Amino acid sequence: MVTTHNLGFPRIGAKRELKFALEDYWAGRQTGQELTATAEDLRRQNWHQQTGIDLSPVGDFSLYDQVLDMSVTLGNLPERVASQAGSQTDAYFRAARGRGADDNACCATAAGEMTKWFDTNYHYIVPEFSADTEFELNPERLLTQLAEARAQGVNAKPVIIGPVTYLWLGKTSDNSNRLDLLERLLPAYARLLETLADAGAEWVQIDEPALVTDLDANWRYAFNLAYHQLKSNRPKLLLATYFGELRSNLQLACELPVAGIHLDAVSAPQEVSRVADWLPTHKVLSLGVINGRNVWKADLNTLLDWLEPLHAKLGERLWLAPSCSLLHVPVDLTREDELDEEIHAWLAFAVQKLDELQVLARALNEGCNSVTQALADNQQAIDSRRTSYRVINPQVRAAVAGLQASLGNRQSPYPHRIALQQQALKLPTFPTTTIGSFPQTREIRQARLQFRKGELTDQAYQEQMQSEIARCIRVQEDLGLDVLVHGEPERNDMVEYFGEQLDGFAFTRFGWVQSYGSRCVKPPILFGDIQRPDAMTVDWIRYAQSLTDKPVKGMLTGPVTILNWSFVRDDQPRKDSCLQLALAIREEVQDLEKAGVNIIQIDEAALREGLPLRRADWEQYLEWAINSFRIAANGVQDATQIHTHMCYSEFNDIIEAIARMDADVITIETSRSDMELLDAFKDFEYPNDIGPGVYDIHSPNVPAQKQITTLMKLAAERIPAERLWVNPDCGLKTRNWEEVTPALEAMVAAARELRA
Ligand code: GLN
Ligand code: ZN
């Protein structure tokens, strides 16, 4: 018999129950007991929804983050958090979210650093280490959830993060080597495993996704050391890897002394037969065959053809699972009652993915005849998607096939262009601008909502947005900014706004996926060839420009960012989808130019996020990503100025690619790095204009003029002053007007001081 299991279930809740409970608790509207009850309820529902599979995960549920949970389990909360009074729950949330100073300016605590979980859009709290870190087992949370599961008759498999990946995910504050902590860490893991076995766990899933990254000899040695020391028959360990190929770690993974190994068969299908050959015959091989990171139905018949010989070879040793935790997909498709019927039939969310798993297992265990109907239905859905005219648009295909790389070239090199742009724009030195959005007030959000619900007429909505734009323009003129923006009031989200106007995108009502803590995103679903039926932004920008003599920037989201923040197609390479998006954005750029817009900004906030896990794969990604941007941006006249914006602070390793974009101006986040991040641009002799962010928009603090001039002088030590712009780190939509106005006032004053 094939065993089915799951690596993790979304915990936010089909109705985002956890999000709302957390936010109520933080705001003091809910007690700790109420929050605990909601969490317990969610776990019960989650296990209930996993009833049909053989082994369900336990401990995958988290109030905030599974890595932070592991830090708690290992007694490794930062000192600044652990030493304060209050309940354990309070300490946990302090570690996650930090805490502001109280009225006596006491007790402010910095939040743990947050960073991306491998190449997903989930963010975890980074474990903090120093040479003195000690570990102390605190298994309470896991034991509680295990007892709950067992009381509910769940065949429970506790899930923990393995010791090597746990260290890999963290950072040390004292330049010590975190691998030196391994020997101190392992006894805590040994006791944890024993404790879980005593509490009735036969199997424990121990996640080691670090195995799909580039590991040097020290890290590989750590794997050997760790698992030889944790070797035990009780509980049995299922070592889980996911998100990529094992490559040179394959043999290492196969030989570790564990009872079984889980492989991501969606991202590493070509490694499956090698692992099946290598794996000692007493070990279980769990294949993650259902994509845990995307929303498409699996092609079950094709999968079965592939699995049958593997099943014949492995027999009982074959387990089936989703490729990774289902944390990265929405909960339940059945709630999507407004989704187009045809597209609905192509999709599977977490609950449906577990159904697919059961069909596969039954087919293997009892023969295909036992699931004839399910397989036929699946085939129909797969065929319908493959042949739908909504997926394939011959015109778009032809346009992409005929693409020439020269389409991404500007007419002339930057020095020539910038001179023409200068002649036309006549900007002062240290020109001031902003990144695009202005405060999204409650009135704006309400108007958008009412418009969606049909409670506001098209005309009334247009008028209200126009009056917001007018207000933005007036404020910017009063402040004396040099290059203005319309403020983006009509945009709910920088990707969704464009997705909604492009053919080839679908939107869900409840397709929420946890991003971090209580924050969720609802990624658009890119299902078909991309086409732009109409101009998307031209009217708004034209209106804004009609109100002022100062230049107004056109404001677009770039193709790479739209791609990286969407659920993408699995029936063509990401590169092809990106090029289609590039052509659509290119049309918009050219329409803006025709409408007289002289400056166009194309945001690529998520370009860096798309970098593959393996260094060896970077160049290939950057090649098509940068090419896509160039195609989108560079089909304009020399006198049209192209801006791009990126909000992160690591450019060292991709600076060469950034330069290849050839944007006339790039604005970046820099205020928190004291301009040191400009060193990458300086060392590379980056040739074009740069707007290093001069204040942090994530904080409500209003910067002082002096602070800004100091930062700009630091910038001018690295980049020639005539190529510097003055702007905030990012868009202002999360701030309010009381913060924005004085901040920009200080910024403009600083620029004037610098000019003098
Ligand atoms: N133009 C966008 C804004 O200002 C950019 C947002 C971003 O970079 N994340 O909101
Ligand atoms: Zn930004």
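Residues numbered from 1 in each chain as written. Chains lettered and ligands numbered in written order. Predicted model: local features only at pLDDT ≥ 70, side-chain atom pairs only at ≥ 80, totals over all residues. Heavy atoms only, no water.

K.L.:
Explain the side chain of Arg16 here, please?
P.N.:
Here Arg16 shows up in the loop between β1 (3-4) and α1 (17-26). The buried charged residue Arg16 lacks any salt bridge partner; its closest oppositely charged side chain belongs to Glu23, at an N-O distance of 7.4 Å. Filtering out sequence-adjacent residues up to four positions away, Arg16 remains in contact with Trp512 and Cys520. (Helix = DSSP H or I, 4+ residues; strand = E, 2+ residues; numbered from the N terminus. Buried < 20%, exposed > 50% of the residue type's maximum accessible area, 1.4 Å probe, protein only. Lys, Arg positive; Asp, Glu negative; His and termini not counted. Salt bridge = Lys/Arg side-chain N within 4 Å of Asp/Glu carboxyl O. Contact = heavy atoms within 4.5 Å.)

K.L.:
What's the story with the domain arrangement of the chain in this structure? I'm lost.
P.N.:
Buried accessible area, meaning the area lost when the parts come together, often serves as the stated size of an interface. One can read the domain layout of the chain as domain 1 (3-101 + 114-331 + 341-387) and domain 2 (427-755). Taking the mean C-alpha position of each, domain 1 and domain 2 sit 35 Å from one another. The interface of domain 1 with domain 2 comprises 37 residues on the first partner and 27 residues on the second. Approximately 2800 Å² of surface area, both sides summed, lies buried where domain 1 meets domain 2, with 56% of it carried by carbon and sulfur atoms. In terms of surface lost to domain 2, no three residues of domain 1 exceed Asn121, Arg247 and Trp296, which account for 18% of the buried area on that side. The interface formed by domain 1 and domain 2 contains five salt bridges. A salt bridge links Glu609 to Lys116, with the shortest nitrogen-to-oxygen separation between them at 3.6 Å. Where domain 1 packs against domain 2, one counts 15 residue pairs in polar contact (both at pLDDT 80 or more). Per-element accounting of the side of domain 1 that touches domain 2 gives the leading share, four residues, to α1. Residues of the side of domain 1 that touches domain 2, tallied by class, amount to 20 nonpolar, six polar and eleven charged. (Domains from an automatic or database assignment. Buried area = accessible area lost by both parts, 1.4 Å probe. Polar contact = N/O pair within 3.5 Å; in protein donor to acceptor, adjacent residues only side chain to side chain. Nonpolar A, V, L, I, M, F, W, Y, C, P; charged D, E, K, R; others polar.)

K.L.:
I tried to follow the UniProt feature "active site" (unreviewed entry) in the chain on my own but got confused; where do I start?
P.N.:
In the numbering adopted here, UniProt assigns the feature "active site" (unreviewed entry) to His698. As for its placement among the helices and strands, His698 is situated in the loop between β21 (689-692) and α27 (705-716). Every residue in contact with His698, bar those within four places of it in the chain, is listed here: Glu669, Arg672 and Arg735. A distance of 2.8 Å separates polar atoms of two side chains, one belonging to His698 and the other to Asp696. (UniProt positions renumbered as here; feature names shortened; annotations may be inferred.)

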